[in-house]
Amino acid sequence: MLEVQRHAAFAVGRTLSGRNLNQVLQEVFRQHPRLTPQQRAGIQDLSFGTLRHLGRLDAALGLLLQKPLGDESVRHLLRVALYQLAYGKTSSHAVVNNAVETVRRLRKASAAGLVNAVLRNFLRRREEILALAEEAGDEARYDHPRWWIDKLRAHYPDRWPALLAANNQHPPMTLRVNGRRTTPEEYRERLAEEGIAAHALGGSALLLAQPMAVDGLPGFRDGWVSVQDAGAQLAAPFLDAADGMRVLDACSAPGGKAAHLLELADVDLTALDSDAGRLERVRENLDRLDLTAALVAGDAAQPETWWDGRPFDRILADVPCSASGVVRRHPDIKWLRREGDIAGFAQQQAEILTALWRTLASGGKLLYATCSVFAEENQQQIDAFLQRNPDARLLPLDDPELDHGQLLPDDRHDGFFYALLAKA
C-alpha cells in the first residue's frame, strides 16, 4: 500500500501539471515493472478517485491547513490520503502511517509532523470537515470547475445537477457482442454459466452487473465480444451501411466504431487517424476480431493528402471534442480543460466536417459524432453547417433517449451527440 499511495500521489501531481492521466499511469508502470497487477489497479483507483473528487478534497484540505502549503508533492500526497480516508476501504491507521513514511522517503522529514497532524485531525472531524467542504462553494459541492458548472446549468437548466452527479460516478462496463460469432442472448447465457451477471440494453449491448478484467470474459481473445459503451454503440447502426459500400471512419482510433461497422456489414472500410501510433490500436482490435480495413494515417481536415478521389457512400465523423460526456472515465479532463478550449474544438470540428463533406458521394450519409454535452460542439455546430451547405439535410435518428441528437450520461451509458446528414 505504501508504493500504491506514493505512485498515485506522483500521478496526480503530473496530471494536474497538464498531462493526460492515462499516459502518466502508463509511464509509471513502465518505470516500475515490478509492480504487481494488484498494485497497478490500486494506483489507478486512487489516481482516478482523487481527481474525481478533487474539488471537495481541496476544500477539506484548506480547512485542515493552518497556513498555505508550499510543497506541491506533499499537497498531492495529502490529496490522495484524504481520498483514501474519505472514500476508500483501507484502514485509516495504515493510510496515515503510509503517508508519513512516504514523506520521509521523499526526504521531506520536516513535513512528516504536518502530514500526520492533518490526517489525524481529519479522522477526528471527518463528517464535520466533509460537510463544511461541501458548503465551501459549487466547485467543492459538485467536484467540477466553476465554468463547467455554469455551462451545464445554462444548457440544461432542469438536469445539470444530475449530469454533474453522473460525472462523479464509476462508469458502467458494457460489452458489444460480435454478431458474426453469436447473439447477445446466447452470449448472456454463456456469461451466466461462468457466474457473470449481465442484462441486455438493446442492439449488441450487454451491461455487466460488475466490472471485470477483459481476460475473464469468455471468448474475448477469440473476438466474440468487445468492451464499448452503449452510447458509442449507437454510431454504427445509425450510419446504416450496407454490404459493398465504401465507408470512411474518420478519427478512427482506437477502432471500436470501425470494428462495429465491419461486424454489421461487409463494407470497404477506410480507418483514418492523424496519429499513426494510435492506428496500431485499431489494427490490434481488428486482428482480434478477424476483421479487415485499410488503415490510413492522415488529417481528416486535409483529405487532399490521403484521399484517392473516390467518394465514400458513408462517413463516420467522430471528431475531436472536449470529451465532456465521458468525464467519469477520464476525470482529469474536467480539471485540465479550460473554457476557452471549447471554441478551439468547435473550429477544428467545423474544418473537419467541411473537408469530409467534399469526399461524400451524392446521396450518401455522414454521421457527425462527439462525446460532448456542450452545445457549441453539437447542435450549434450542425445548425451552422446546414446554413453553409444547402445540399445537406438533417435526417431523423430513431432512439427515444436522444434529445435533438444529444444523449446524456446516466447509469447505462456515457454522453454523446449524433447528427445524421444526407447529401443531395
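Worth saying up front: this structure is predicted, and the values here are computed from it rather than measured. (Residues numbered from 1 in each chain as written. Predicted model: local features only at pLDDT ≥ 70, side-chain atom pairs only at ≥ 80, totals over all residues. Heavy atoms only, no water.)

Draft legend 1. How the structure looks around the environment of Gln380. Along the chain, Gln380 falls in helix α18 (residues 379–388). A C-alpha to C-alpha distance of 37 Å links Gln380 and Leu289, two positions 91 residues apart in sequence. (Helix = DSSP H or I, 4+ residues; strand = E, 2+ residues; numbered from the N terminus.)

Draft legend 2. Summary view of the side chain of Arg52. By secondary structure assignment, the location of Arg52 is in helix α3 (residues 37–52). Here Arg52 sits buried without a salt bridge, and the closest side chain of opposite charge, Asp45, lies 6.0 Å off (N-O distance). In this structure the side chain of Arg52 is engaged in a polar contact, spanning 2.8 Å, whose partner is the backbone oxygen of Arg328. In contact with Arg52, not counting residues within four places along its chain, are Asp143, Asn168, Gln169, His170, Pro171, Arg328, Pro331 and Lys334. (Buried < 20%, exposed > 50% of the residue type's maximum accessible area, 1.4 Å probe, protein only. Lys, Arg positive; Asp, Glu negative; His and termini not counted. Salt bridge = Lys/Arg side-chain N within 4 Å of Asp/Glu carboxyl O. Polar contact = N/O pair within 3.5 Å; in protein donor to acceptor, adjacent residues only side chain to side chain. Contact = heavy atoms within 4.5 Å.)

Draft legend 3. Fine view of unusual backbone geometry. Pro254 follows Ala253 through a cis peptide bond whose omega is 5°. Position of Pro254 among the secondary structure elements: in the loop between β5 (246–250) and α14 (256–264). The backbone of Arg107 sits at a positive phi, close to 65°, despite the residue not being glycine. By secondary structure assignment, the location of Arg107 is in the loop between α6 (92–105) and α7 (112–124). For Arg107, a relative accessible area of 79% puts it in the exposed group. A positive phi angle, near 55°, is found at His404, a position not held by glycine. If you trace the backbone, His404 turns up in the loop between β10 (392–395) and β11 (406–407).

Draft legend 4. Main features of the packing of helix α4 (residues 54–64) against helix α8 (residues 126–134). With their axes 8 Å apart at the nearest point, α4 and α8 run at an angle of 115° to one another. Of the two elements, α4 crosses α8, and the hand of that crossing is right-handed. Packed against α4, whose contacting residues are Arg56, Ala59, Ala60, Leu63 and Leu64, the element α8 presents Ile129, Leu130, Leu132, Ala133 and Glu134 at the interface. When grouped by side-chain class, the residues that make up the contact of α4 with α8 number eight nonpolar, no polar and two charged. (Axes fitted to C-alpha atoms, helices over the stretch in contact; angles between N-to-C directions. Left-handed = near helix turned anticlockwise from the far one by under 90°. Nonpolar A, V, L, I, M, F, W, Y, C, P; charged D, E, K, R; others polar.)

Draft legend 5. Structural detail: the pairing of strand β9 (residues 360–370). Here β9 lies mainly inside the structure; nine of its 11 residues are buried. Sheet topology places β9 next to strand β12 (residues 416–423); six bridges connect them, and they run antiparallel. In the sheet register, Leu367 faces β12, and the bridge partner there is Leu420. (Pairing = 2+ DSSP bridges.)

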